[in-house]
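Chain residues, written in single-letter form:
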Amino acid sequence: MLKYTKDHEWLRLDGDVATIGITPFAQEKLGELVFVELPALTAKLEKGGVAATVESVKAASEVYAPVSGEVIDVNSKVSDQPSLINSAPTGDGWLFKVKITNAAELDTLLDERAYYAIAK
């Protein structure tokens with residue numbers, strides 16, 4: 001089950017590890033992605049802080065951390081092939097994984113219905 005932020009990130013939880021990416025809505029608005037800058041392994045992210053950057057032929061956009069945690073994995077495939085985010089934003093186009101340091105922050109995320117009600 002995915003959770004969402006108002007800033008168009010998604011999060012998939014597996015224990016205390018969150019896999020994070022941008023929503024299908026966000027990638028559609030950005031258009032064809034041509035560049036991705038991922039966070040460094042072991043980087044400490046704060047909820048709402050800039051975690052990554054995605055750049056399309058239209059614009060660059062920052063990706064914010066939906067929760068606080070330490071980066072434990074990055075998807076190097078999207079660095080080499082940013083179009084993976086366009087073709088599978090919630091699958092092979094994930095961006096990074098964090099070990100969550102404050103589980104209470106999960107309560108601030110949106111479910112699918114609430115997210116798509118505001119994603120316009």
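An account of the accompanying structure is given in this report. Bear in mind the structure is a predicted one, so any value in this text is a computation, not a measurement. Along each chain, the written sequence defines residue order, and numbers are assigned to residues from 1. It should be noted that, the model being predicted, local features are given only for residues of pLDDT at least 70 and side-chain atom pairs only at 80 or more, the latter also being counted only at that level, while totals for whole chains, interfaces and linings use all residues. Note that water and hydrogens are dropped before the side-chain values are worked out from all heavy atoms of the structure.

Regarding the packing of aromatic side chains
Part 1 of the argument: For Phe, Tyr and Trp, rings pair up if their centres lie within 6.5 Å, where Trp contributes its six-membered ring, and each pair is then called stacked (planes under 30 degrees apart), edge-to-face (over 60) or tilted (otherwise). The full count for this structure, using the stated rule, is 3 aromatic pairs.
Part 2 of the argument: Judged by centre distance (5.9 Å) and plane angle (70°), the ring pair of Tyr4 and Tyr116 falls under edge-to-face. Taken together, the residues Tyr4 in strand β1 (residues 2–4) and Tyr116 in helix α4 (residues 112–118) connect sequence positions 112 residues apart.
Part 3 of the argument: Three labels apply to residues, based on accessible area from a 1.4 Å probe with only protein chains included: buried if under 20% of the type maximum, exposed if over 50%, partly exposed otherwise in between. The class for Tyr4 is buried, based on a relative accessible area of 4%.
Part 4 of the argument: On the accessibility criterion, Tyr116 (33% relative accessible area) is partly exposed.
Part 5 of the argument: Among the aromatic residues, those joined into a ring-pair cluster are Tyr4, Tyr115 and Tyr116. Note on conventions: DSSP H or I runs of at least 4 residues are helices, E runs of at least 2 residues are strands, and numbering of each starts at the N terminus.

Topic: the sheet that holds strand β7 (residues 60–64)
Part 1 of the argument: Note on pairing: DSSP must find at least two bridges between two strands before they are called paired. Strand order in the open sheet made by the 3 strands is β4-β6-β7, with antiparallel pairing throughout. The outermost strands of the open sheet, each flanked by one partner alone, are β4 (33–37) and β7. Averaged over all pairs of adjacent strands, the angle between strand axes in this sheet comes to 25°, irrespective of strand direction.
Part 2 of the argument: Across 4 bridges, the pairing between β4 and strand β6 (residues 50–56) is antiparallel. Bridge pairing in β6 links Glu37 to Thr53. Simply put, an axis is a line fit to the C-alpha atoms, just over the touching stretch for a helix, and the angle between two N-to-C directions goes from 0 to 180 degrees.

A word on the pairing of strand β9 (residues 96–100)
Part 1 of the argument: Only one face of β9 is buried, namely the one carrying Phe96, Val98 and Ile100, since none of Lys97 and Lys99 on the opposite face is buried.
Part 2 of the argument: Where strand β3 (residues 17–22) meets β9, 4 bridges bridge the pair, whose relative direction is antiparallel. For Val17, the partnering residue across the bridge sits in β9 and is Lys99.
Part 3 of the argument: Sheet topology note: the strand β8 (residues 69–74)/β9 ladder contains 5 bridges and is antiparallel.

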